[in-house]
Amino acid sequence: MDDSWISFDIPSLMQNFWSATFDGLTFGAIYGLVALGYTLVYGVLNLINFAHSEVFIIGCYGVVFTLTSLGFGPNVPTLGPLAIIGDLLLALIVGMIASAVTALALERVAYRPLRKRNAPRLAFLITAIGASFAIQYGIFLVRGASPEPAVTMFQPTPIFDVFGTIVDSQQIIIVIAAIILMVATDQFIRRSRTGRGIRAVAQDPDTATLMGVDRERIIMTTFVIGGLLAGAGALFYVMKVPSGVFYAGGFVLGIKAFAAAVLGGIGNVRGALLGGLLLGLIGNYGQILLGNSQWTDVVAFVVLVLVLLLKPTGILGTSMGRARA
Amino acid sequence: MEGRNINMQFNRTMVSLAVVAVLGLAVTGCANQASTGGSGTSATGSKVNLPAVTSISTPADAVLPAGDGKAKCASGLTLAYIGAETGANAQLGINIFNGVQLAIDQHNKANAGCQVGFKKFDTEGDPTKATGPVTQAVNEADIVGVVGLPFSGESKATGNIFEDKGLVHITPSATNPTLTQNGWTTFFRGLGNDSVQGPAAAKFAVDTLKSKKVYLVQDDSDYGIGLADATKAGLGNDLVGSDKVITGQKDFSAVVSKIMNAKPDAVYYAGYYAEGAPFDQQLVAKGFKGAFIGPDGAKDDQFIKQAGNASSNAYFTCPCIPGELIPSFETAYKSAFNLEPGTYSIEGYDVATVLLSGIDKGKTTRPALLGYVKSYDADGLSKHYKWDSKGELATPAVYGYKVDNGKIVPIGVIGK
């Protein structure tokens, strides 16, 4: 490994296959939650909201501040299970609200004025990148470069054993809760009146407006849903990576979630879930196959490039409106 | 329409209930474990009992910053600290410049006729940012000597700048062995390097902690790479696996998985606390029961602060002297900063004293002070200082440390 710049460690992948799988699914579920925010906004506005990674990190700060003020810290909490559940639910709600408010503010401050004067799409993209940096360095000014102190929510316990690899409670909570949230979002978009409005705007904004859909309201709702899901993803991310909250902490995760959305088919709600899980798995397998941690992000971005080259519409196709009109 | 909406409402309520139920069930399982198993890091049966040492032998007639109190020098002479004041591993830098500050304050208080100034330049500990502050410092004519740079990567990146301007700099903490192999004549190291620390750490893991299987993890800094190589050589067949992490990494799940599958008795981490602390925490959260051994770059209270209870499995190796066990230094440091001396505080103090004693002897130009340090041969508060032609000290000691009740305490010399 020391001599050549790249090598493939297949025995290590065989040996660590199951642990890589479970961790990959755990991260994949988090990517999926964040990817939904990219996908929904893209579906409705054809806009890649690059500042969504900051929507996510603000949610992380919400979660960390809530838990820190409730007495959580790097140590395993000594509270009873019910108290922990209560505190985590509170942190979840605060995180979701923090992210949703950020997403909504972003829409109002950064994107809406552009829409009003019919700005070209490039202007939206540059604004998104600008907003992303503005929020990042805004956090930097207030909180500095150091990460927030680690917050341990609970001590994960082994739940069951697959071929000698332990699956712990933390992985199960994250994967199941994330999948439930994503399925609920999918059902909401498919079945509810607002969901139908979102699909209508995605399919044909002008006709939808003529049919009495309030486009501005639908856009706001879309940003809020994306924010809520990113906030939920934030709780699970802090659960998995307790010391990962710092000003630029959302950036790479955001790009990975965006890659996941593209992989599944941007604009496609189910694609975000599929893409997230796949990207989590690919990243983890790749990291172990290639020998060290320096490769995780590279693998994710290579996947993004390959998808764009080979199947730009992603696995499930890009259309939110047409797929299930 | 109405009926369908109510149905929808019902479905959504069911879904949210299910979320709460699943979260609840899973957390209940864990929380039970937490209450019975404590932090999960409590001493296992195999944990070796290593008593803390409470005193160390230090030179009796050390050169002190105060000198004889009769020094005369021109005003405007300045010593500089260049290194991390902010950034992820800032605490190590703070420990050092506090030591330097203390030495200069004691000197100036005792010597009314020789007031030496002190300037600090922030590198954030980052090799890519260090050239700016170093260039700025070497171009300030009043600076005759420098304490720094603390880290190996930044030292490697900037050694040539000092060399070009003939400005003497003594690092109180950079331990990469190759730093003295660049032909620099202005670089001096105030402690042992990693070709001493690495083998000592390997011996400590295998002989003292009785680890049959050691897993080695390194970061991507010059320091981590050099130290890992030196340790690897010492471990031989006891090394069961190795992996690399990157500066700024926050998630260690893949490395942790590999370690859990390799089932080592100990993990040696060659890197700094900014990554080491979350790494240890995630390792323990996954159920790792062995020892976590970190080097000097991880040895700081920040490690404990960031890793929490998980840090109770941690040991450290360090070619630094436990300054808190030198009573006169401990008292003075504490009264000056209201803090216990940290890692490298005493090294910062001692090397600043070397430079100050030169100024007191009239070596007030850059070439004169450089020549003075080259031929220096005297005791400091913590050890003897005499450099070879490359800038290395003879026979530096490596100390072992352990975490005891949330504090890092020395357990004595583990290698020379």
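Residues numbered from 1 in each chain as written. Chains lettered and ligands numbered in written order. Predicted model: local features only at pLDDT ≥ 70, side-chain atom pairs only at ≥ 80, totals over all residues.

A. Here's a closer look at the overall build of chain B. Along the backbone of chain B there are 12 helices and 14 strands. Burial analysis of chain B (416 residues in total) assigns 57% to the buried set. Residue pairs in contact within chain B that sit at least 24 positions apart in sequence constitute 73% of those at least 6 positions apart. (Helix = DSSP H or I, 4+ residues; strand = E, 2+ residues; numbered from the N terminus. Buried ≥ 20, exposed ≤ 12 C-beta atoms within 10 Å, placed from the backbone. Contact = placed C-beta atoms within 7 Å.)

B. Spatial organisation of the domain arrangement of chain B. All names here are of chain B. What the domain assignment reports for chain B is domain 1 (78–192 + 322–395) and domain 2 (195–318). The gap between the C-alpha centroids of domain 1 and domain 2 is 28 Å. Contact with domain 1, which involves 16 residues of that partner, is made by 17 residues of domain 2. Counting residues per element, the ones that place at least two in the side of domain 1 that touches domain 2 are helix H2 (90–110) and helix H4 (152–165). Take the side of domain 1 that touches domain 2: its biggest share by element is three residues, from H4. Its residues assigned to classes, the side of domain 1 that touches domain 2 shows four nonpolar, 11 polar and one charged. (Domains from an automatic or database assignment. Nonpolar A, V, L, I, M, F, W, Y, C, P; charged D, E, K, R; others polar.)

C. Quick peek at the sheet that holds strand E1 (residues 78–83) of chain B. Residues and elements named next belong to chain B. Across the sheet, which stays open at both edges, the five strands sit in the order E2-E1-E3-E4-E5 with parallel pairing between neighbours. At either end of the open sheet lies a strand with only one pairing partner, and these are strand E2 (117–122) and strand E5 (187–189). Sheet twist, expressed as the average angle between the axes of neighbouring strands with direction ignored, equals 25°. Summarising the sheet, strand E3 (residues 143–147) and strand E4 (residues 168–171) pair through three bridges and their orientation is parallel. Across the sheet, the residue bridging to Val-146 is His-169, located in E4. Here helix H11 (residues 345–360) sits on the sheet and contacts E1, E3 and E4; the angle it forms with E3, its principal contact strand, is near 160°. (Pairing = 2+ DSSP bridges. Axes fitted to C-alpha atoms, helices over the stretch in contact; angles between N-to-C directions.)

D. Quick look at the confidence of the model for chain B. Residues and elements named next belong to chain B. Mean pLDDT for chain B: 86, with 89% of residues reaching 70 or above. At the low end of the mean pLDDT range in chain B sits helix H1 (residues 2–37), at 45; at the high end sits E4, at 96. Predicted confidence is poor over residues 1–10, with pLDDT under 50, and the contacts of this stretch with residues over four places away or in other chains come to two contacts. Note that pLDDT drops below 50 for residues 21–45; the model gives that stretch 50 contacts with residues more than four away or on any other chain. With pTM at 0.82, the complex prediction returns an ipTM value of 0.83. (pLDDT = per-residue confidence, 0-100.)

E. Spatial organisation of helix H6 (residues 222–235) of chain B. Residue and element names in this part refer to chain B. For H6, with 14 residues, the first-to-last C-alpha span of 20 Å sits near the 20 Å given by 1.5 Å per residue. Taken across its 14 residues, H6 has 11 buried, putting it largely inside the fold. Residues of H6 that are buried include every one of Asp-222, Tyr-223, Gly-224, Ile-225, Gly-226, Leu-227, Ala-228, Ala-230, Thr-231, Gly-234 and Leu-235, and no others. Check the buried side of H6 and you find it contacts H4, helix H5 (194–208), strand E6 (214–218), strand E7 (239–244) and strand E8 (266–270). Just beyond H6, the residue with positive phi is Gly-236, at close to 55°. (Expected span 1.5 Å × (residues − 1).)

F. Here's a closer look at unusual backbone geometry. Put simply, Gly-148 of chain B and Leu-149 of chain B share a cis peptide bond, and its omega is 0°. Examined against the element boundaries, Leu-149 of chain B turns out to sit in the loop between E3 and H4. We note that Asn-118 of chain A has phi near 55°; this positive angle belongs to a residue other than glycine. If you trace the backbone, Asn-118 of chain A turns up in the loop between helix H4 (81–116) and helix H5 (121–143). Residue class for Asn-118 of chain A comes out exposed when judged on the 7 C-beta atoms lying within 10 Å of it. Look at Asn-338 of chain B: it is not a glycine, yet its phi comes out positive at around 60°. On the secondary structure map, Asn-338 of chain B appears in the loop between helix H10 (327–337) and H11.

G. A look at the sheet that holds strand E13 (residues 398–404) of chain B. Residues and elements named next belong to chain B. Spatially, seven strands are ordered E7-E6-E8-E9-E10-E13-E14 in an open sheet, and the strand pairing comes out mixed. Of all the strands in the sheet, just E7 and strand E14 (407–415) have a single pairing partner and so form its edges. Neighbour to neighbour, the strand axes of the sheet diverge by 20° on average, direction disregarded. Bridge analysis of strand E10 (residues 314–318) against E13 gives four bridges, and the strand direction is antiparallel. By the bridge assignment, Cys-318 is partnered in E13 with Tyr-399.

H. Here's a closer look at the packing of helix H6 (residues 169–191) of chain A against helix H11 (residues 269–289) of chain A. Residue and element names in this part refer to chain A. Between H6 and H11, the least distance of the axes is 9 Å, while the angle of their chain directions is 165°. Judged by the angle between their axes, H6 and H11 are roughly antiparallel. For the crossing formed where H6 meets H11, the hand is left-handed. Counting all contacts with H6, which are made through Met-182, Thr-185, Asp-186 and Ile-189, the residues of H11 involved are Val-269, Arg-270 and Leu-273. In the contact of H6 with H11, the residues fall into four nonpolar, one polar and two charged. (Parallel < 35°, antiparallel > 145°, perpendicular 65-115°, else oblique. Left-handed = near helix turned anticlockwise from the far one by under 90°.)

I. Broad picture of the nonpolar core. Core analysis: the biggest nonpolar cluster contains 120 residues, and Ala-205, Val-267, Tyr-268 and Ala-352 of chain B have the highest contact counts within it. Among the domains, domain 1 (78–192 + 322–395) and domain 2 (195–318) of chain B are the pair contributing at least three residues each to this core. If you look at the next biggest cluster of nonpolar residues, it comprises 104 residues, including Ala-91, Ala-272, Leu-273 and Val-307 of chain A. (Core = buried A, V, L, I, M, F, W, Y, C linked by C-beta atoms within 7 Å.)

J. Spotlight on the pairing of strand E9 (residues 291–294) of chain B. Residues and elements named next belong to chain B. Judged by which residues are buried, E9 turns out to be covered on both faces: Ala-291 and Ile-293 on one side and Phe-292 and Gly-294 on the other are all buried. Looking at chain direction, E8 and E9 are connected through three bridges and run parallel. Bridge pairing in E9 links Val-267 to Phe-292. For the crossover from E8 across helix H8 (residues 273–285) to E9, the handedness is right-handed. The pairing of E9 with E10 spans three bridges and is parallel. (Right-handed = clockwise from strand over helix to strand, strands pointing away.)

K. Fine view of the packing of H5 of chain B against H6 of chain B. All names here are of chain B. Running from N to C, H5 and H6 point in directions that differ by 45°, and their axes come no closer than 7 Å. With respect to their mutual orientation, H5 and H6 come out oblique. Handedness of the H5/H6 crossing: right-handed. When H5 is examined against H6, the residues Asp-194, Ser-195, Gln-197, Gly-198, Pro-199, Ala-201, Ala-202 and Lys-203 are found in contact with a partner set consisting of Gly-226, Leu-227, Ala-230, Thr-231, Ala-233, Gly-234 and Leu-235.

L. Representation of the environment of Leu-79 of chain A within the structure. Summarising the element assignment, Leu-79 of chain A is placed in the loop between helix H3 (52–69) and H4. Taking the C-alpha atoms as reference, Leu-79 of chain A lies 42 Å from Ala-128 of chain A; in sequence the two are 49 residues apart.

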